[in-house]
Amino acid sequence: MTPSPVALRGVTYAYGTGDLARPVLRDVDLTVAPGEVVLLTGPSGSGKTTLLTLIGALRALQQGSATVLGQQLAGASERERTALRRRIGFIFQQHNLLGFLTARQNVAMALELDPATTERGRLARAGEMLAAVGLADKCESRPDQLSGGQRQRVAVARALAGQPGLILADEPTAALDRQSGGDVVRLLRDLARRRGVPILMVTHDPRILDIADRIIAMEDGRILPANEADAVQAH
Ligand SMILES: Nc1ncnc2c1ncn2[C@@H]1O[C@H](COP(=O)(O)OP(=O)(O)OP(=O)(O)O)[C@@H](O)[C@H]1O
């Protein structure tokens, strides 16, 4: 059986220490199946982004167990977390592209960590990824010459370029209008699905819930049971 790319058990997390410690995640269990597209919804402050950053090894786990792409994060060293981060494609609310680089250079940067690649090879691969997101004619454009939707498509190309084992996305449509937001996440879903890459996406956006294989609702640091989550979705 293929192991789950994400398996969390009893994850509890607090910001602050001592008397100021405030748990923002409480006993969270979560499993993502190979190739699955999972959306994480819930009110502001319910802990979604914190959960995503723990899974992405951007913060150290405090309590519980989390296996991500085969790496156990409980007790993982900074080096192990860095190595894991390189196997994950991140997409944020803001595209986080570098303004002085072209779209092609921004995507190629994601490949620089692979010592087996040459600059020429990286730029060629970046061009292929940009073509896959429909931006073959924008390779040499800088971010300020692109629309918001196009910039986010460059971010999708960058996230997928390094052939990640997992995509983590935090409100990728928040800065986009309805049409381009929907287009970007559908494109992401289709490209990831073709490559068998699972996606875990935090979103407030009710317009994109239909892309999911599964929707998980959080409230006050906990994952709601599926029947309660359905009731939340119905509102
Ligand atoms: N670095 C931090 N230090 C202290 N508290 C924090 C920090 N980051 C987040 N919090 C608090 O932790 C709680 C959970 O935040 P988190 O960003 O995970 O929620 P969220 O569900 O993603 O919210 P939103 O939908 O508004 O992004 C909130 O009460 C927030 O204020």
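Residues numbered from 1 in each chain as written. Predicted model: local features only at pLDDT ≥ 70, side-chain atom pairs only at ≥ 80, totals over all residues. Heavy atoms only, no water.

Caption draft 1: Up close: the packing of aromatic side chains. Across all of its chains, the model carries two aromatic pairs by this definition. Where Tyr13 meets Tyr15, the ring centres are 5.3 Å apart and the plane angle is 80 degrees; that geometry is what we call edge-to-face. Geometrically, the ring pair formed by Phe90 and Phe92 is stacked, given 6.0 Å between the ring centres and 0 degrees between the ring planes. (Phe/Tyr/Trp six-rings, centres within 6.5 Å; stacked < 30°, edge-to-face > 60°.)

Caption draft 2: Local environment of the pairing of strand 6 (residues 88-91). Every second residue of strand 6 is oriented toward a common face, with Ile88 and Phe90 on one face and Gly89 and Ile91 on the other, all of them buried. Two elements, strand 6 and strand 7 (residues 166-170), share four bridges in a ladder whose sense is parallel. Within strand 7, the position partnered with Phe90 by the bridge is Leu168. (Buried < 20%, exposed > 50% of the residue type's maximum accessible area, 1.4 Å probe, protein only. Helix = DSSP H or I, 4+ residues; strand = E, 2+ residues; numbered from the N terminus. Pairing = 2+ DSSP bridges.)

Caption draft 3: Region of interest: the sheet that holds strand 5 (residues 71-72). Pairing is antiparallel across the open sheet formed by four strands, whose spatial order is 2-1-4-5. Both edges of this open sheet fall to strand 2 (22-32) and strand 5, since each of them pairs with a single strand only. Pairing of strand 1 (residues 6-15) with strand 4 (residues 63-68), which is carried by five bridges, proceeds in the antiparallel orientation. Across the sheet, Arg9 pairs through a bridge with Ser65, a residue of strand 4.

Caption draft 4: Representation of helix 6 (residues 178-195). Between its terminal C-alpha atoms helix 6 stretches 26 Å, which fits the 26 Å expected from 18 residues at 1.5 Å a residue. Every buried residue of helix 6 is accounted for by Ser180, Gly181, Gly182, Val184, Val185, Leu188, Arg189, Leu191 and Ala192. Tucked inside the fold, the buried residues of helix 6 contact strand 3 (37-41), strand 6, helix 4 (119-132), helix 5 (148-161), strand 7 and strand 8 (199-202). Backbone nitrogen of Gln179 and a side-chain oxygen of the N-cap are separated by 3.1 Å at the start of helix 6; the cap is Asp177. Just past helix 6, the residue Gly196 takes up positive phi, approximately 70 degrees. (Expected span 1.5 Å × (residues − 1). Contact = heavy atoms within 4.5 Å. Polar contact = N/O pair within 3.5 Å; in protein donor to acceptor, adjacent residues only side chain to side chain.)

Caption draft 5: Region of interest: the site of the ligand. For the ligand, the set of nearby residues contains 13 residues, the closest of which are Ser44, Gly45, Lys48, Thr49 and Thr50. Here a nitrogen atom of the ligand and a side-chain polar atom of Tyr15 are 3.5 Å apart. Between the ligand and Gly45 there is a distance of 2.8 Å, counted from an oxygen atom to a backbone nitrogen or oxygen. Compared with its free state, where it exposes 630 Å², the ligand has 62% of that area covered by protein. Taken together, the elements giving at least two residues each to the shell around the ligand come down to strand 2 and helix 1 (48-55). With three residues, helix 1 is the largest single contributor of residues to the shell around the ligand. (Near = heavy atom within 4 Å. Areas by Shrake-Rupley, 256 points an atom, 1.4 Å probe, with all protein chains shown as cover.)

Caption draft 6: Layout of the packing of helix 4 against helix 5. The interhelical angle for the contact between helix 4 and helix 5, taken along N-to-C directions, is 125 degrees, at an axis separation of 9 Å. Taken as axis vectors, helix 4 and helix 5 run oblique relative to one another. Here helix 4 runs over helix 5; the crossing is right-handed. Of helix 5, the residues touching helix 4 (which contributes Arg125, Met129 and Leu130) are Val154, Ala157, Leu160 and Ala161. Residue composition of the contact of helix 4 with helix 5, grouped by class: six nonpolar, no polar and one charged. (Axes fitted to C-alpha atoms, helices over the stretch in contact; angles between N-to-C directions. Parallel < 35°, antiparallel > 145°, perpendicular 65-115°, else oblique. Left-handed = near helix turned anticlockwise from the far one by under 90°. Nonpolar A, V, L, I, M, F, W, Y, C, P; charged D, E, K, R; others polar.)

Caption draft 7: Inspection of the pairing of strand 7 at higher detail. Counting buried positions along strand 7 yields five of five residues, so the element is predominantly enclosed. Every second residue of strand 7 is oriented toward a common face, with Leu166, Leu168 and Asp170 on one face and Ile167 and Ala169 on the other, all of them buried. For strand 7 and strand 8, the ladder comprises four bridges, and the chain directions are parallel. Bridge pairing in strand 8 places Ala169 opposite Met201. The β-α-β motif built from strand 7, the intervening helix 6 and the parallel element strand 8 has right-handed crossover chirality. (Right-handed = clockwise from strand over helix to strand, strands pointing away.)

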